[in-house]
Amino acid sequence: MRVTPFELVFGQLAESRFPAIKEQLREREWDANDRDAFLMVPEVVTLVRELRPEEGMGEAIDQLVALLHHAYLFWLAGAPILTLEREATDALVGGAGARSGPDDASAEPASFYCQLAPRRIWAQLFPEQPAEPMDGCFISHRGADQLRVLGVFGMHPERVGFSVAEAVGPRLPLEREDHTPLFAPAIPGGAEAGLHQVTGAEELVELGWRAVDLAQHAGPVPARPAAD
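What you see as residue numbers is a count from 1 along each chain, following the sequence as written. Per-residue local features are limited, in this predicted model, to residues with pLDDT of at least 70; the limit for side-chain atom pairs, both in listing and counting, is 80 or more; totals at the level of whole chains, interfaces and linings are taken over all residues. Values shown for side chains rest on all heavy atoms present in the structure; no hydrogens or waters enter the calculation.

S.K.: Explain the packing of aromatic side chains here, please?
M.R.: For any pair of aromatic rings, geometry is given as the distance between the ring centres together with the angle between the planes. Here a Phe, Tyr or Trp ring, Trp counted by its six-membered ring, pairs with any other such ring whose centre lies within 6.5 Å, and the pair is stacked when the planes are under 30 degrees apart, edge-to-face when over 60, and tilted otherwise. For the structure shown, the criterion picks out nine aromatic pairs. With a centroid separation of 5.5 Å and an interplanar angle of 80°, the aromatic rings of F74 and F138 are classed as edge-to-face. One end of the pair, F74, is in helix 5 (residues 61-76); the other, F138, is in strand 4 (residues 132-141), and 64 residues separate them in sequence. Only protein chains enter the accessibility calculation, which uses a 1.4 Å probe; a residue is then buried when its area is under 20% of its type maximum, exposed when over 50%, and partly exposed in between. When its relative accessible area of 2% is taken as the criterion, F74 is described as buried. Residue classification places F138 among the buried positions, given a relative accessible area of 1%. Centroid distance Y113 to F138: 4.6 Å. Interplanar angle 55°. Geometry classified as tilted. In this pair, Y113 sits in strand 2 (residues 111-115) while F138 sits in strand 4, placing the two residues 25 residues apart along the sequence. Cluster of aromatic residues (ring-pair linked, three or more members): F6, F10, F18, F38, Y72, F74, W75, Y113 and F138. Taking the ring centre of W30 as reference, the NZ or CZ of R28 above it sits at 5.6 Å. Only runs of H or I of at least four residues qualify as helices and only runs of E of at least two qualify as strands under DSSP, and these elements are numbered from the N terminus. For a Lys NZ or an Arg CZ to count as sitting over a ring, it must be within 6 Å of the ring centre and within 35 degrees of the ring normal.

S.K.: Is there a simple way to think about the nonpolar core in this case?
M.R.: Soluble globular proteins tend to pack their nonpolar side chains together in the buried interior. F6, F10, F18, I21, L68, Y72 and F138 are the most contacted members of the largest nonpolar core, which has 32 residues in total. Broken down by element, the residue count for this core peaks at 10 residues, all from helix 5. Contacts are assigned to residue pairs that have any heavy atoms within 4.5 Å of one another. With residues up to four places along the chain from it excluded, the contact list for Y72 reads F18, I21, K22, L25, A32 and F38. Among the buried residues, those of types Ala, Val, Leu, Ile, Met, Phe, Trp, Tyr and Cys that are joined through side-chain atoms within 4.5 Å form a nonpolar core. Listed in part, the 25 residues of the second largest apolar core include L92, A123, C137 and F183.

S.K.: Can you walk me through the pattern of salt bridges in this structure?
M.R.: Salt bridge, as used here: a side-chain nitrogen of Lys or Arg that lies within 4 Å of a carboxyl oxygen of Asp or Glu. Throughout the structure, instances matching the rule amount to 13 salt bridges. Put simply, R171 and E206 hold a salt bridge, and the shortest N to O gap is 3.1 Å. Here R171, found in the loop between strand 6 (163-169) and strand 7 (196-197), pairs with E206, found in helix 7 (residues 201-218); they are 35 residues apart in sequence, far enough to count as distant. As far as the burial class goes, R171 and E206 line up, both buried. When salt bridges with common partners are traced through the structure, they connect R171, E206, R210 and D213 into a single cluster.

S.K.: What's the story with the environment of A193 in this structure? I'm lost.
M.R.: Within the secondary structure layout, A193 lies in the loop between strand 6 and strand 7. Expressed as a C-alpha distance, the spacing of A193 and R120, which sit 73 residues apart in the sequence, is 9.3 Å.

S.K.: Please explain the layout of surface pockets as it appears in this structure.
M.R.: Unoccupied space between atoms shows up once a probe the size of one water molecule is rolled over them. Approximately 380 Å³ is the volume attributed to the second largest pocket. Here a cavity denotes a set of grid points, spaced 1 Å apart and computed over the protein atoms alone, in which a 1.4 Å probe fits but from which it cannot get out, and a pocket denotes an open set meeting protein on both sides within 12 Å along at least five of seven lines; residues with an atom within 4 Å of a point are reported as lining. Lining the second largest pocket are 15 residues, and of these R2, D135, M155, H156 and P157 sit closest to its centre. Each residue is assigned to one class: nonpolar for Ala, Val, Leu, Ile, Met, Phe, Trp, Tyr, Cys and Pro, charged for Asp, Glu, Lys and Arg, and polar for all the others, Gly among them. Taken together, the residues of the lining of the second largest pocket break down into eight nonpolar, three polar and four charged. Grid points are joined across faces, edges and corners, and a volume is the space filled by probe spheres set on the points.

S.K.: Help me out: how do you make sense of the packing of helix 4 (residues 42-51) against helix 5 in this one?
M.R.: When two helices pack together, their arrangement is given by the angle between their axes and by how far apart the axes lie. Helix axes use the C-alpha atoms of the stretch in contact, all axes being lines fitted to C-alpha atoms, and the angles between their N-to-C directions lie in the range 0 to 180 degrees. Where helix 4 meets helix 5, the closest approach of the two axes is 11 Å, and the angle between their N-to-C directions is 125°. Compared by their axis directions, helix 4 and helix 5 come out oblique. Crossing geometry of helix 4 relative to helix 5 is assigned as right-handed. Contacts between helix 4 and helix 5 involve V44, L47, V48 and L51 on the former and, on the latter, I61, L64, V65 and L68. For the contact of helix 4 with helix 5, the residue count by class is eight nonpolar, no polar and no charged. Reported orientations rely on four angle classes, namely roughly parallel under 35 degrees, roughly antiparallel over 145, roughly perpendicular from 65 to 115, and oblique for the rest. Whether a crossing is left-handed or right-handed is set by the direction in which the near helix is turned from the far one by less than a right angle, anticlockwise for left-handed and clockwise for right-handed.

Bear in mind that shape data such as this cannot, by itself, settle questions of function.
In structure tokens form, the structure reads like this:
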């Protein structure tokens, strides 16, 4: 079984530090899904300072905060993982995808990680930089009809870290400006290799909604009991 970004970054840290975050949120009667409230928790502030490199991160601090928040919600839900092999990954981004809508949100965990088949879906996160393969995405609801998706890219045994990109939004009908299908590859040789590509925030949100559809039927597998 492949290592997840949660295991790679947090490992034993979650069990030693996340219970304090849970207790401090409970004491204040704050919603864990509210990121503004989450960032006001003393233990969260301390963790961000500890995880931030000494040289600072600039605008990348937003990505660190997003990763920490998603990781906490994932832990709180019992660390459920929906693992998709190659055929299922290709089916996820093929066609129009199911459109169950937000009314079915109670059928899947409040937060889970969808781990994709290796090197099937790619994204170019920064201009003038090469595209990176997508390992998967953390998914959580933000209100009744909003989904928060954190894509994880560029995980490799020889690489210390990975890249993340977050998108938030409702499920909307999408169409690319160039009229190519959603998730069609734009990288050289991508079509010939049968690859797929996320080309923007709206497609990342759509990918998250499609994973939610699968989770309602397949059911992510919890790695541990949910934190009551």
